[in-house]
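# Architecture and fold: a report
Here are the chains, one letter per residue:
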Amino acid sequence: MNFINTLRDIFKIEELKEKLLLTIGLIAVYRFMSAVPLPGVDPLELTALQNKAGGGGLLGLLNMFTGGAFARASVMALGIMPYISASIVVQLMGIAVPYLQKLQKDGESGRKKITQITRWLTILITLVQGPTYITFIKTQMGLPESAFLIGGATFWISSMILLTAGTIFAMWLGERITDKGVGNGISLLITVGIIANFPVAFMQEVASRTENAGGGGIMMILIEILIWFVVILLTVLLVTAVRKIAVQYARRTAIANIKDVEGARQYIPLKLNAAGVMPIIFAQAIMFLPITLSQKYTALASLGDVGSFWYNLIFALLIIIFSYFYTAITIPTNKMAEDLKRSNGFVPGYKPGEETANHLDSVLSKITFPGSLFLAGLSILPAIVMKFGVQQNWALFYGGTSLIIMVGVAIDTIQQINSYLLNSRYDGLMKTGNTNRKSLK
């Protein structure tokens, strides 16, 4: 009943309703464009590409992020991935490049320049990934000649232009959703692409359990769904868990030559998993190297199997390492301590400045370890459930990048919607003196 009432409240707020409808409309446009194939490609002849992309690994990850557009040789085949790559590069360069460091401190104007740099870098990355993708589908996938209706320079030039335009269009859609809609546009496009694979993956699992002898039938499906919900709840805890560092802000007032100190206690929230999904993405990219080497050297064959013990052990270790690395470069404890000192705040029991920075760094290191272990365990969970007969496409929803992104985006979007509802109630309170539902009308 509360859920239905909340939906009613949402559509009573005209601004929020318009933002939601705009967001849904732009997402629908993105999904429509994902089904448009490149000119000169016969979509009925792409079975080999679809089977390869559905086999997991890096190709499966790319295909999932693009909502299947990668395996359909769509104009959106690269999707939003070049933009994500550009954002990561700019973020990492911000540590070492003084110009970017200056822009980060320039407020809104600096943010706009960084966004423009990211856009241009996205185009450059697309111009590199585009030919790689075209070469890949033409030479590495064993597709029949009939799959390509045109060839030569005409196919290459037209495909490059359309792949670049598709990425720019996806980037534009994401930015419009962020600016005019609800939620983070780029993350929403990725999430929608992931969810688009859900119905097919689930029906494949149902068919496997019900049609094969010894599959377990409907009872096993119910058990899998129950376990899946438990994993989702644990993922929510991982995404939302924070360690609160108490902070005391002092305010001095002088009345009749008597100094009075009033303290307003607040908190610095340090996330258990401050790095988000970035350690998984970095680790997944590096694990593509041993997969490639395993095709040439039989001694490394086990590293080419995403379900093998050694593959998942190395994968988990890389995630733990990158969790520390990415947390260290994105959470500047020294800057936090300096900002706290300038605002006349302090952590009780620690001197402002270097001692506070060391304390924050120590706490962050301690909570990053269990967070990274949890993240690594969640990332290899799909490989574990596959050992119990779960289909690979369905197993991907039991953990890893896809589940963390879906949970994180869902929480962020819900929080934005709740903020609109709270602001509306606040306005009603100021006007009417109560917070009943009439204030939402």
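Calculation rules
- Residues numbered from 1 in each chain as written.
- Predicted model: local features only at pLDDT ≥ 70, side-chain atom pairs only at ≥ 80, totals over all residues.
- Heavy atoms only, no water.
- Helix = DSSP H or I, 4+ residues; strand = E, 2+ residues; numbered from the N terminus.
- Buried < 20%, exposed > 50% of the residue type's maximum accessible area, 1.4 Å probe, protein only.
- Areas by Shrake-Rupley, 256 points an atom, 1.4 Å probe, with all protein chains shown as cover.
- pLDDT = per-residue confidence, 0-100.
- Contact = heavy atoms within 4.5 Å.
- Salt bridge = Lys/Arg side-chain N within 4 Å of Asp/Glu carboxyl O.
- Core = buried A, V, L, I, M, F, W, Y, C linked by side-chain atoms within 4.5 Å.
- Phe/Tyr/Trp six-rings, centres within 6.5 Å; stacked < 30°, edge-to-face > 60°.
- Axes fitted to C-alpha atoms, helices over the stretch in contact; angles between N-to-C directions.
- Parallel < 35°, antiparallel > 145°, perpendicular 65-115°, else oblique.
- Left-handed = near helix turned anticlockwise from the far one by under 90°.
- Nonpolar A, V, L, I, M, F, W, Y, C, P; charged D, E, K, R; others polar.
- Expected span 1.5 Å × (residues − 1).
- Arc of directions from axis to C-beta.

Let's shift gears to the overall build of the protein. Within the protein, the secondary structure is distributed over 17 helices and 3 strands. Within the protein, the proportion of its 441 residues that are buried is 42%. Accessible surface computed for the protein: about 23300 Å², of which carbon and sulfur atoms make up 65%.

Below, the discussion takes up the confidence of the model for the protein. Mean pLDDT for the protein: 80, with 84% of residues reaching 70 or above. Note on residues 252-264: pLDDT under 50 across the span, and 16 contacts to partners over four residues away in sequence or across chains. Contacts of residues 426-441 to residues separated by more than four positions or lying in other chains number 17 contacts, the stretch itself having pLDDT below 50.

Next up on the list: the pattern of salt bridges. Close approach of charged atoms lets side chains of opposite charge pair. Here the structure, examined in full by the defined rule, presents 7 salt bridges. A salt bridge links E14 to K17; the nearest nitrogen and oxygen atoms lie 3.5 Å apart. Linking E14 with K17, this pair stays in helix 2 (residues 14-34), spanning 3 residues, or about one helical turn. When its relative accessible area of 22% is taken as the criterion, K17 is described as partly exposed. Notably, a salt bridge pairs D179 with R176, separated by 3.0 Å at the nearest N-O pair. Placement of the pair is D179 and R176 together in helix 8 (residues 152-180), with a separation of 3 residues, close to one helical turn. The network of salt bridges with shared partners includes E205, R209 and E224.

Attention now goes to the environment of P82. Tracing the sequence through the fold places P82 in helix 5 (residues 81-96). The sequence separation of P82 and R119 amounts to 37 residues, and the corresponding C-alpha distance is 9.6 Å. Residues in contact with P82, not counting those within four places in the same chain, are T122, I125, T126, Q129 and T167.

For the rest of this paragraph, the subject is the nonpolar core. Counting 80 residues, the largest nonpolar core has I80, Y133, I190 and I194 as the members making the most contacts within it. Ranked by residues supplied to this core, first place goes to helix 13 (residues 309-330) with 8 residues. In this structure, Y133 is in contact with L49, A69, F70, A73, S74, A77, L78 and L163, ignoring residues within four places of it in sequence.

What follows deals with the environment of E224. As for its position among the elements, E224 is in helix 11 (residues 217-240). Take E224: its relative accessible area is 4%, and that puts it in the buried class. With 19 residues separating them along the chain, E224 and E205 place their C-alpha atoms 9.9 Å apart.

Moving on, we get to the side chain of D42. Within the fold, D42 resides in the loop between helix 2 and helix 3 (47-53). If sequence neighbours within four positions are ignored, D42 has contacts with S146, A147 and L149.

What follows covers unusual backbone geometry. For A73, which is not a glycine, the phi torsion comes out positive at approximately 50 degrees. Tracing the backbone through its elements, the reader meets A73 in the loop between helix 4 (57-65) and helix 5. Within the chain, N344 stands out as a residue other than glycine whose phi angle is a positive 65 degrees. You can see N344 is positioned in the loop between helix 14 (333-342) and strand 3 (345-346). Taking the relative accessible area as the measure of exposure, N344 reaches 41% and is therefore partly exposed.

Enumeration over the complete set of coordinates arrives at 16 aromatic pairs. With a centroid separation of 5.7 Å and an interplanar angle of 80 degrees, the aromatic rings of F148 and F155 are classed as edge-to-face. Note on F155: relative accessible area 0%, which makes it buried. Between the aromatic rings of F198 and F202, the centroid separation amounts to 6.2 Å while the plane-to-plane angle is 0 degrees, which identifies the pairing as stacked. Of this pair, F198 and F202 both sit in helix 10 (residues 198-211), separated by 4 residues, roughly a single helical turn.

The next subject is the packing of helix 10 against helix 11. In the contact formed by helix 10 and helix 11, the axes pass within 8 Å of each other and the chain directions differ by 140 degrees. With respect to their mutual orientation, helix 10 and helix 11 come out oblique. In this structure, helix 10 crosses over helix 11, and the sense of that crossing is right-handed. In this structure, helix 10 contributes F198, F202, E205, V206, R209 and T210 to the contact, and helix 11 contributes G217, I218, M220, I221, E224, I225 and W228. Grouping the amino acids of the contact of helix 10 with helix 11 by side-chain chemistry returns 8 nonpolar, 2 polar and 3 charged.

Another point: the packing of helix 11 against helix 15 (residues 354-386). Closest axis-to-axis distance for the helix 11/helix 15 pair is 11 Å, and the angle between their directions is 150 degrees. Taken together, helix 11 and helix 15 sit at an angle that is classed as roughly antiparallel. When the axes of helix 11 and helix 15 are compared, the crossing they make is left-handed. Mapping the contact onto sequence places V231, L234, T235 and L238 in helix 11 and G371, F374, L375, L378 and L381 in helix 15.

This part is about helix 2. Compared with an ideal rise of 1.5 Å per residue, which puts 21 residues at 30 Å, helix 2 spans 30 Å between its outermost C-alpha atoms and is within 8% of the ideal. Taken together, the buried positions of helix 2 are occupied by L16, K19, L20, T23, L26, I27, Y30 and S34. Buried residues of helix 2, viewed axially, fall in a sector of 135 degrees; they line one side. Of the exposed residues in helix 2, those oriented more than 90 degrees away from the buried face are L21, I24 and F32.

What follows covers the side chain of E175. Inspection of the secondary structure puts E175 in helix 8. Assessed through its relative accessible area of 12%, E175 is described here as buried. Apart from the residues within four sequence positions on either side, E175 is in contact with Y83, T115 and R119.

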